[in-house]
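Take a look at the letters that make up each chain.
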Amino acid sequence: GHALLAKLLKGCDPLHKVSIIPRGMALGITMTLPEKDYLTMKKSQLLDRITMTLGGRVAEELVYGADSVTTGASNDLEKVSEMARKMVTVYGMSEKMGNLTYGKSQEHVFMGRNFGNTRDFSEEIAADIDREVKKIVDTQYELAKNLLNDNRDMLEHIAKNLLEKETLDEKEFDELMNTGRAQ
């Protein structure tokens, strides 16, 4: 799911490699590599990253059903929640919340540590933030679901080949997508 969405979404970095070989706590990995260093990111890029990151959970739900999803996507869900929350509370990328930041950061850059945020807003604002974060994630989840549903044959073609080879680089992945479309 991740790899296919990385190819389908314009705002994602180019796919480098995808593997189903478990490494550490990861059950597999999709690696994208930026073509350049980013000093800033567009809202559309962040939304596409959220969509791509949700690809594993969405693919799991499509293939096995909502009642059979696993804990495998827990780190992905943590990442998308953090990205969406920053969009709302740090980057001013929520229409409802406006061009404001919420919370004072307690990061100590020289130590490389984040000690959290000091909340400087009401319970009502906190609830609005939570709703906006959920709205972003839910919207991107639906987009991921629609894209993977529309490309279900390709998703299964890629999965079948990954089961055989376990790892695909960008060139092999592109060839798979080209042969999958020809079928």
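Keep in mind that what you see is a predicted model, and the values were worked out from it rather than measured.

1. Observations concerning the pattern of salt bridges
Link 1 in the chain: Enumeration according to the criterion identifies eleven salt bridges in this entry.
Link 2 in the chain: Of the charged contacts in the structure, one is a salt bridge between Arg85 and Asp130, with a shortest N-O distance of 3.0 Å. Linking Arg85 in helix H4 (residues 74-89) with Asp130 in helix H5 (residues 123-150), this pair joins segments that are 45 residues apart in sequence.
Link 3 in the chain: Across the salt bridge formed by Glu156 and Arg152, the nearest N and O atoms sit 2.7 Å from each other.

2. Some details on the layout of surface pockets
Link 1 in the chain: Here the largest pocket defines a volume of roughly 1400 Å³.
Link 2 in the chain: In this structure, the largest pocket is lined by 40 residues; those nearest its centre are His2, Gly28, Thr30, Gly56 and Asp76.
Link 3 in the chain: Breaking the lining of the largest pocket down by element, the ones donating at least two residues are helix H1 (2-8), strand S1 (15-19), strand S2 (29-32), helix H2 (43-53), helix H3 (55-64), H4 and helix H6 (152-165).
Link 4 in the chain: Considering only residue class, the lining of the largest pocket consists of 21 nonpolar, twelve polar and seven charged.

3. A look at unusual backbone geometry
Link 1 in the chain: Of note, Glu166 is a non-glycine position whose phi angle comes to about 70°, a positive value.
Link 2 in the chain: Within the secondary structure layout, Glu166 lies in the loop between H6 and strand S5 (167-169).
Link 3 in the chain: A relative accessible area of 41% means that Glu166 is categorised as partly exposed.

4. A short note on the sheet that holds S1
Link 1 in the chain: Taken in spatial order, the three strands make up an open sheet running S2-S1-S5, and their pairing is antiparallel. For this open sheet the edge positions go to S2 and S5, each flanked by a neighbour on one side alone. Across the sheet, the mean angle from the axis of one strand to that of its neighbour is 10°, orientation sign disregarded.
Link 2 in the chain: The pairing of S1 with S5 spans three bridges and is classified as antiparallel. Residue Ser19 lies in a different strand from S5, and its bridge partner there is Thr167.

5. Structural notes on the packing of aromatic side chains
Link 1 in the chain: A full pass over the atoms with the stated rule returns one aromatic pair.
Link 2 in the chain: Taking the centre distance of 5.9 Å and the plane angle of 85° together, the rings of Tyr102 and Phe121 count as edge-to-face. With Tyr102 in the loop between H4 and strand S3 (104-108) and Phe121 in the loop between strand S4 (113-118) and H5, the pair connects residues that are 19 residues apart, well separated along the chain.

6. Comments concerning the packing of H3 against H5
Link 1 in the chain: Two elements in contact, H3 and H5, have axes whose closest approach is 9 Å; the angle formed by their N-to-C orientations is 55°. Accordingly, the angle class assigned to the pair H3 and H5 is oblique. Classified by chirality, the crossing of H5 by H3 is right-handed. Within the contact between the two elements, H3 uses Gly55, Arg57, Val58, Ala59, Glu61 and Leu62 and H5 uses Tyr141, Ala144, Lys145, Leu148 and Asn149.
Link 2 in the chain: Its residues assigned to classes, the contact of H3 with H5 comprises six nonpolar, two polar and three charged.

7. Structural notes on the confidence of the model for the protein
Link 1 in the chain: On average, residues of the protein score 88 in pLDDT, and 89% of them reach the 70 mark or higher.
Link 2 in the chain: Here S4 stands out as the element of the protein with the lowest mean pLDDT, 58, in contrast to H2, whose mean of 97 is the highest.

8. Describing the packing of H2 against H5
Link 1 in the chain: Axis separation between H2 and H5 bottoms out at 8 Å; the angle between their running directions is 65°. For H2 against H5, the interelement crossing comes out right-handed. For the pair H2 and H5, the contacting residues are Leu47, Ile50 and Thr51 in the first and Ile136, Gln140, Leu143 and Ala144 in the second.
Link 2 in the chain: Among the residues forming the contact of H2 with H5, the class breakdown is five nonpolar, two polar and no charged.

The rules behind these values
Residues numbered from 1 in each chain as written. Predicted model: local features only at pLDDT ≥ 70, side-chain atom pairs only at ≥ 80, totals over all residues. Heavy atoms only, no water. Salt bridge = Lys/Arg side-chain N within 4 Å of Asp/Glu carboxyl O. Helix = DSSP H or I, 4+ residues; strand = E, 2+ residues; numbered from the N terminus. 1 Å grid on protein atoms, 1.4 Å probe; cavity = no way out; pocket = protein on both sides within 12 Å on 5 of 7 lines; lining within 4 Å. Points joined across faces, edges and corners; volume = space filled by probe spheres on them. Nonpolar A, V, L, I, M, F, W, Y, C, P; charged D, E, K, R; others polar. Buried < 20%, exposed > 50% of the residue type's maximum accessible area, 1.4 Å probe, protein only. Pairing = 2+ DSSP bridges. Axes fitted to C-alpha atoms, helices over the stretch in contact; angles between N-to-C directions. Phe/Tyr/Trp six-rings, centres within 6.5 Å; stacked < 30°, edge-to-face > 60°. Parallel < 35°, antiparallel > 145°, perpendicular 65-115°, else oblique. Left-handed = near helix turned anticlockwise from the far one by under 90°. Contact = heavy atoms within 4.5 Å. pLDDT = per-residue confidence, 0-100.

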